[in-house]
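What follows is the residue order along each chain.
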Amino acid sequence: MLIRHTPVLAALTQLSCPVQVFPHAGIQQLTHTHTPAASMPDEKMDETKKKKKKTAECCGYPISIFFIVVNEFCERFSYYGMRAVLVLYFRYFLLWDDDLATSIYHAFVALCYLTPILGAIIADSWLGKFKTIIYLSIVYAIGQVTMAVSTIHDITDSNRDGTPDNFTFHIALSMLGLILIALGTGGIKPCVAAFGGDQFQEHQSRQLNTFFSVFYLCINAGSLLSTLITPVLRAQECGIHTQQQCYPLAFGVPAVLMVISLVVFIAGSGMYVKTDPEGNIMWSVCKCIGFAIRNRFRHRSSSYPKREHWMDWADEKYDKLLIAQIKMVLKVLFLYIPLPMFWTLFDQKGSRWTLQATTMSGDFGGFILQPDQMQTVNPILILTMVPIMDRLIFPLIQKCGLNFSPLKRMTVGMLFAATAFVSAALVQIEIDKTLPNFPSSSESQLKVVNMYSTTLNVTISPSEHLLIESYGSSADYITFDHQDITVSLNTSNVITKAFSLIKGGRQTLIIPSDPTVMYLVEDTKSKPREGKNAIRFVNGWTADLNITNLDSIEPSATTNYTLVNQGKRDFVLRHGEQWCEFSRKFGFGASYTFLITEAVFSSDCESIVEVEDMKPNSVHMALQIPQYFLITTGEVMFSVTGLQFSYSQAPKNMKSVLQAGWLCTNAVGNIIVLIVAEIGKLPKQWAEYVLFASLLVAVSIIFSIMAYFYTYIDPAEIEAQIRKEQGLEPEEKEKEKETLEMEEKDQKNEQGVKQTKI
Ligand SMILES: N[C@@H](Cc1ccccc1)C(=O)N[C@@H](Cc1ccccc1)C(=O)O
């Protein structure tokens, strides 16, 4: 176990404070007869006692915890539910393009994890955690309601055509809503976990650790339910004048959940242990750090004796306790420097891994999984793995006599995340084997479709000779390293035509019933998005046709691609009184051209020919389960432990600040994802996965070295000890300060300063 006896710890052990191992947390904690309250002034101690008496317990847990975990469940439902439909709202309601929609989405997520700093400062320096949670939850709920209102298209749809008439209004309102939500969700995030921790008393350290696991379970139960429910709500149709996708319901339910979350939190108000902030702590911290730096600079000459820690240069002016607390926080924040790399990998499961899933098959026999639904595997695994880890794995490791301290757990968590990316790379290699051979930027690809009544001999200069039967196509795309081609058809007389192909593109040459008007159409050159199928029709019938959900199609013409979902789809082809129904079952990620023959109506649509432009995805989405399993194991070891660690190692008055520091590592991780996406990618996706895995292994090695030198502390014990020391030596301290002030004036330093290291 990593514990080093610093002077204070040594002093503490001498003061009959036996060191006891709390195996569950893996942190050495100090049992103490001197509680922080014991060294407080009498009135303050009475107040604390009063507060502690009030906390009712159930099975060893404070009852107030119930309100906090329910509050967290509702809040996470609200947050993840809103997030699940946000990009679709940008894309299909505000009609933004893909790039703008995803950039604003990621910027919003990054903002949500930057605002915790603001919430923590407000809580620890000004309002206290309880009031901060209440006020910022109100801001959050207002944001959610604003967002829901912004999605009601009828507000500005004065001509009742089903689309909003004033987009500026909807954009402005939704941006205001999102800013309020980011302020609210981020602001309360560091406070809720820390406030939950504050409810526990000295004798409940085991329950305190279980609390963080239960807290994490509630987060994931809330997020799982909402990511399943809100997309279903969105898919409903609603509206006053015209029926549209029901965004108001999809955003409205999260808004209601946020209001419930606030009400539940307020309902528990009489039961909470509320710790008031000890003045403007953040301002004092900044001033103290500033003074230490300035003072160190002033005494840079070698004639001044060195001090153990650079913060000790604030000793002349600032309280020993404050200096010790700052040292504790800085030590942990320093340790956090490598952590964003974990989140950089973790957050890619929402982007890169979902994209990977779009190139796979989600047919699980009894049910179909859409690519973006694969993400729900994470909270499902969390719900099963946290109890297994807590009840089985960690106790087992402990029984084997292995020391699995929090920082070791976090390192192992990082390594799990790295192996998850190796697994993703292996899956990618399998997928790449099945992907079509798309043209490089200098190549062009061509396919030929024959809608002529007889088999045709097609020559594409200089050397391609094809024999294509009527209503048939060339076997696959032909790749050219030049763009200009000449096509010759051997009909009753030879027809020759020159074409210029698109560089880096895929095209089909359509030879209609009148071959002299043969023409090129552009094909998709990537897998259709979201695992959908791209389909189009070529009309070989003699007159205009109407096809369900497509525009009318002229004879010999080709429709644009339409995206259809997996499963059985029906199309009705109609011309005047004549019609027939055409059904096809689709898989994932394929592309087809359907050739409508002259006999379409007489054959009851049976004669329609299917040309497969791109094969359906064949690698199964189940292959992603190992990588999800590995990253979730990593998350349980890294994230749940990090949450506990940030609470346990923070001084009492800076718990929210350290929680915010922890959340900031996630914000930085998200920003790294954005930068990497912008800077560009490696040519092969699997190579990028391996690169990320290697980077995380390197970072985890650095982290384990830093962790080796970290000393676990019990902040409450140290604070109590310093308070005690201060209480015993006020005069001595006063004298020391006076001497040092004089010394500063004379610009002489003949006397060293006694230092205390935490
Ligand atoms: N496992 C995630 C929740 C999740 C739900 C659905 C899809 C993906 C993820 C989780 O527990 N998140 C926690 C902790 C966290 C994780 C990342 C960044 C900040 C916090 C949460 O509080 O949301």
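Before any of the text, the structure's been laid out above.
Residues numbered from 1 in each chain as written. Predicted model: local features only at pLDDT ≥ 70, side-chain atom pairs only at ≥ 80, totals over all residues. Heavy atoms only, no water.

Novice: Any chance you could explain the packing of helix α7 (residues 205–235) against helix α8 (residues 247–267) here in plain terms?
Specialist: Two numbers describe a pair of packed helices, the interaxial angle and the distance between the axes. Packing of α7 against α8 brings their axes to within 6 Å, and their N-to-C directions diverge by 150 degrees. Comparing the axis directions of α7 and α8 gives the class roughly antiparallel. Pair α7 / α8 crosses with right-handed handedness. Across the interface between the two elements, Thr230, Leu233 and Arg234 from α7 touch Tyr247, Leu249, Ala250, Val253 and Pro254 from α8. Looking at side-chain class alone, the contact of α7 with α8 contains six nonpolar, one polar and one charged residues. (Axes fitted to C-alpha atoms, helices over the stretch in contact; angles between N-to-C directions. Helix = DSSP H or I, 4+ residues; strand = E, 2+ residues; numbered from the N terminus. Parallel < 35°, antiparallel > 145°, perpendicular 65-115°, else oblique. Left-handed = near helix turned anticlockwise from the far one by under 90°. Contact = heavy atoms within 4.5 Å. Nonpolar A, V, L, I, M, F, W, Y, C, P; charged D, E, K, R; others polar.)

Novice: Mind showing me how you'd approach the sheet that holds strand β8 (residues 456–460) here?
Specialist: Pairing between the strands of a sheet comes from backbone hydrogen bonds, and it takes one of two forms, parallel or antiparallel. Spatially, four strands are ordered β9-β8-β12-β13 in an open sheet, and the strand pairing comes out antiparallel. Of all strands in the sheet, those with a lone pairing partner are β9 (464–468) and β13 (494–500), marking the two edges. Across this sheet, the average inter-strand angle for adjacent strands is 20 degrees, counted without regard to direction. In terms of strand pairing, strand β12 (residues 484–490) meets β13 through seven bridges, oriented antiparallel. Bridge pairing in β13 links Ser488 to Thr496. (Pairing = 2+ DSSP bridges.)

Novice: Can you help me understand the pairing of strand β19 (residues 567–575) in this one?
Specialist: Walk down a regular strand and you will see the side chains alternate between the two sheet faces. Looking at chain direction, strand β17 (residues 546–547) and β19 are connected through two bridges and run antiparallel. Within the sheet, the bridge partner assigned to Asn546 lies in β19 and is Arg574. With nine bridges connecting them, β19 and strand β20 (residues 578–586) associate as antiparallel partners. Bridging from a neighbouring strand, Arg574 pairs with Trp579 of β20.

Novice: Teacher, can you tell me more about the environment of Leu509 here?
Specialist: Looking at the secondary structure, you find Leu509 in strand β14 (residues 506–511). If sequence neighbours within four positions are ignored, Leu509 has contacts with Leu446, Lys447, Val448, Val449, Val487, Phe499, Met518, Tyr519 and Leu520.

Novice: What's the story with the pattern of salt bridges in this structure? I'm lost.
Specialist: Opposite charge on two side chains permits pairing when their charged atoms draw close. Within the structure shown, the criterion is met by 15 salt bridges. For the salt bridge of Asp312 with Lys327, the shortest nitrogen-to-oxygen distance reads 2.7 Å. Residue Asp312 is located in the loop between α9 (281–298) and α10 (320–336), and its partner Lys327 is located in helix α10; the two are separated by 15 residues in the primary sequence. Each member of the pair Asp312 and Lys327 is classed as buried. Across the salt bridge formed by Asp613 and Lys447, the nearest N and O atoms sit 3.5 Å from each other. With Asp613 in strand β22 (residues 609–614) and Lys447 in strand β7 (residues 444–450), this residue pair connects regions lying 166 residues apart in the sequence. Under the relative-accessibility criterion, Asp613 is labelled buried at 6%. (Salt bridge = Lys/Arg side-chain N within 4 Å of Asp/Glu carboxyl O. Buried < 20%, exposed > 50% of the residue type's maximum accessible area, 1.4 Å probe, protein only.)

Novice: Before we go on, may I ask you to explain the state of the cysteines in this structure?
Specialist: By definition, a disulfide links the sulfur atoms of two cysteines through a covalent bond. Going through the model one piece at a time under the given rule, you end up with two disulfides. The side chain of Cys580 participates in a disulfide bridge whose partner is Cys605; the two sulfur atoms lie 1.9 Å from each other. One quick way to see it: the torsion about the S-S bond of Cys580 and Cys605 is about 65 degrees, and its sign makes the bridge right-handed. A residue pair is termed long-range when its members are at least 10 positions apart, and Cys580 in strand β20 and Cys605 in the loop between β21 (591–596) and β22 qualify at 25 residues. (Disulfide = S-S within 2.5 Å.)

Novice: Please clarify how a nonpolar patch on the surface should be interpreted in this entry.
Specialist: Judged by side-chain polarity, Leu415, Val697, Ile701, Ile705, Tyr708 and Phe709 come together as a nonpolar surface patch covering roughly 580 Å² of accessible area. Ranked by residue count, the leading element in the nonpolar patch is helix α17 (residues 685–708), at four residues. Along the chain, Val697 falls in helix α17. The partly exposed category is assigned to Val697, whose relative accessible area is 33%. (Patch = residues over 30% accessible without salt bridge, like charges linked within 9 Å, V, L, I, M, F, W, Y side chains within 5 Å. Areas by Shrake-Rupley, 256 points an atom, 1.4 Å probe, with all protein chains shown as cover.)

Novice: How should the site of the ligand be read in this particular structure?
Specialist: Near the ligand you find 14 residues, and of these Tyr80, Lys189, Asn220, Asn378 and Glu635 are the closest. Within the side chain of Asn378, one N or O atom sits 2.7 Å away from a nitrogen atom of the ligand. Coverage of the ligand by the protein chains reaches 94% of its 520 Å² of free accessible surface. Broken down by secondary-structure element, the contributors of at least two residues to the shell around the ligand are α3 (64–93), α7 and α13 (377–399). By residue number, the principal contributor to the shell around the ligand is α7, which donates four residues. In terms of residue class, the shell around the ligand is made up of six nonpolar, four polar and four charged. Residue contributions to the shell around the ligand reach at least three from each of two domains, namely domain 1 (64–278) and domain 2 (335–434 + 618–711). (Near = heavy atom within 4 Å. Polar contact = N/O pair within 3.5 Å; in protein donor to acceptor, adjacent residues only side chain to side chain. Domains from an automatic or database assignment.)

Purely geometric numbers; function is a separate question.
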